[in-house]
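# Coordinate analysis (summary)
Chain by chain, the residues run as shown.
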Amino acid sequence: MQVDPAVPPTPVPDPPLGEAFFHEPSDTVRFQVAQAGAAVHASVSRQALRHHFGAGESQADLLTCFQAHSRQIHAVVLRRLGEGALEPVMLREAHFTLP
């Protein structure tokens, strides 16, 4: 397939992001973040959700807390990618405390 340089490329829309879910073996909430037309896989630890955001113990509490703070959590994932983190981005307590 040849690309015509006179025709501007069609923007690629962000893919639909999957639902966040609790992953028991890793004790994390796993989710995706849209970046430049692609889905980036990420997770946030139970400890980070509990200590930084005040989440309860149950999986439902962790997911509710994640949803309530998803904008801030997604921003931290994007910041970590900008710092050179590789996918999947794993967030721990220290990632929510800026130096």
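Look above for the structure.
Fair warning: this is a prediction, and the values are worked out from it, not measured in the lab. Per-chain numbering applies: the sequence of each chain, read as written, is numbered from 1 onward. Where totals are concerned, whole chains, interfaces and linings use all residues; where local detail is concerned, this predicted model gives features only for residues with pLDDT of at least 70, and gives and counts side-chain atom pairs only at 80 or more. Note that water and hydrogens are dropped before the side-chain values are worked out from all heavy atoms of the structure.

## A short note on the packing of aromatic side chains
What counts is decided by this rule: Only centres within 6.5 Å qualify two rings of Phe, Tyr or Trp (six-membered ring in Trp) as a pair; their planes then separate them into stacked at under 30 degrees, edge-to-face at over 60, and tilted for everything else. Comment: elements are numbered from the N terminus, with helices defined as DSSP H or I runs of at least four residues and strands as E runs of at least two. To sort residues, take the accessible area from a 1.4 Å probe on protein chains only and compare it with the maximum for the residue type: under 20% means buried, over 50% means exposed, and anything in between is partly exposed.
This structure, assessed with the given rule, holds 2 aromatic pairs. When the ring of F31 is compared with that of F66, the centres are 4.7 Å apart and the planes differ by 45 degrees; the resulting orientation is tilted. Pair noted here: F31 is in strand β2 (residues 28–35) and F66 is in helix α2 (residues 59–68), with a separation of 35 residues, a long-range link. Note on accessibility: F31 and F66 belong to one class, buried.

## Topic: the layout of surface pockets
Defined as follows: Cavity: a set of points on a 1 Å grid over the protein atoms alone where a 1.4 Å probe fits but cannot get out. Pocket: an open set with protein on both sides within 12 Å along at least five of seven lines, its lining residues, like those of a cavity, having an atom within 4 Å of a point. Grid points are joined across faces, edges and corners, and a volume is the space filled by probe spheres set on the points. Note that Gly is not counted as nonpolar here; it falls among the polar residues with everything else outside the nonpolar set of Ala, Val, Leu, Ile, Met, Phe, Trp, Tyr, Cys and Pro and the charged set of Asp, Glu, Lys and Arg.
Space inside the largest pocket adds up to approximately 180 Å³. Along the walls of the largest pocket sit G18, E19, F21, R30, F31, Q32, H41, A42, S43, P88 and M90, which together make up its complete lining. Along the lines of polarity and charge, the residues of the lining of the largest pocket split into 5 nonpolar, 4 polar and 2 charged.

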